[in-house]
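# Structural characterization, general
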Amino acid sequence: MMVLMFSTAGVPPLVGFWAKLRIFQALWENQPPVAGVIRGRHSVVAPTITWRVIKLMYFDEPAAQLPPTAAAAGVRLALGLNAAAVLLLGCVARTAAEICARG
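Here we summarise the structure given alongside this text. Each chain has its residues counted from 1, running along the sequence as written. Per-residue local features of the predicted model are confined to residues with pLDDT of at least 70, and side-chain atom pairs are confined, for both listing and counting, to 80 or more; whole-chain, interface and lining totals are unaffected and use all residues. Note that water and hydrogens are dropped before the side-chain values are worked out from all heavy atoms of the structure.

This part covers the overall build of the chain. Secondary structure is summarised from DSSP: a helix means a run of H or I of at least four residues, a strand means a run of E of at least two, and numbering begins at the N terminus for each. Secondary structure assignment for the chain yields 5 helices and 0 strands. Secondary structure of the chain in N-to-C order comes out as α-α-α-α-α. Here the radius of gyration uses the C-alpha set of atoms, whereas the globule reference equals 2.2 Å times the residue count to the power 0.38. For 103 residues, the compact-globule estimate of 2.2 N^0.38 gives 13 Å, and the C-alpha radius of gyration of the chain, at 17 Å, exceeds that figure by more than 25%. Oriented by its inertia axes, the alpha-carbon framework of the chain measures out at about 55 × 30 × 15 Å. A buried classification covers 17% of the 103 residues belonging to the chain. For this analysis, residues touch if any pair of their heavy atoms sits within 4.5 Å. Of the contacts made within the chain by residues no fewer than 6 positions apart, 57% connect residues no fewer than 24 positions apart. Areas reported as accessible are Shrake-Rupley estimates using a 1.4 Å probe. Residue values count occlusion only from the protein chains shown. By element, 71% of the accessible surface of the chain is carried by carbon and sulfur atoms, the whole surface being about 7900 Å². Think of it in three bands: with a 1.4 Å probe and only protein chains considered, a residue is buried below 20% of the maximum accessible area for its type, exposed above 50%, and partly exposed in between.

This is the structure we're talking about:
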């Protein structure tokens, strides 16, 4: 879950970073500079919310201890596969973008 949250915050080399970079490139090419400045300010402020959630999930004491469930293994597998895909797509972002641009 932490990998997915970092991707949402735009931490390199995860796929979320490349998505934010492409948004900035499009803003730079097509919008007035003010739009890029506003988006840049939001990109600095927004990760603080993500980091707070990560801190609550991993570093703070839980309010109540829940009993483990049978679905926990499936959820962990799904999150692990999703995190691996986010990392893999972040590492091959240029190649994936070129494939998508071809059609």
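Next, the rest of the story.
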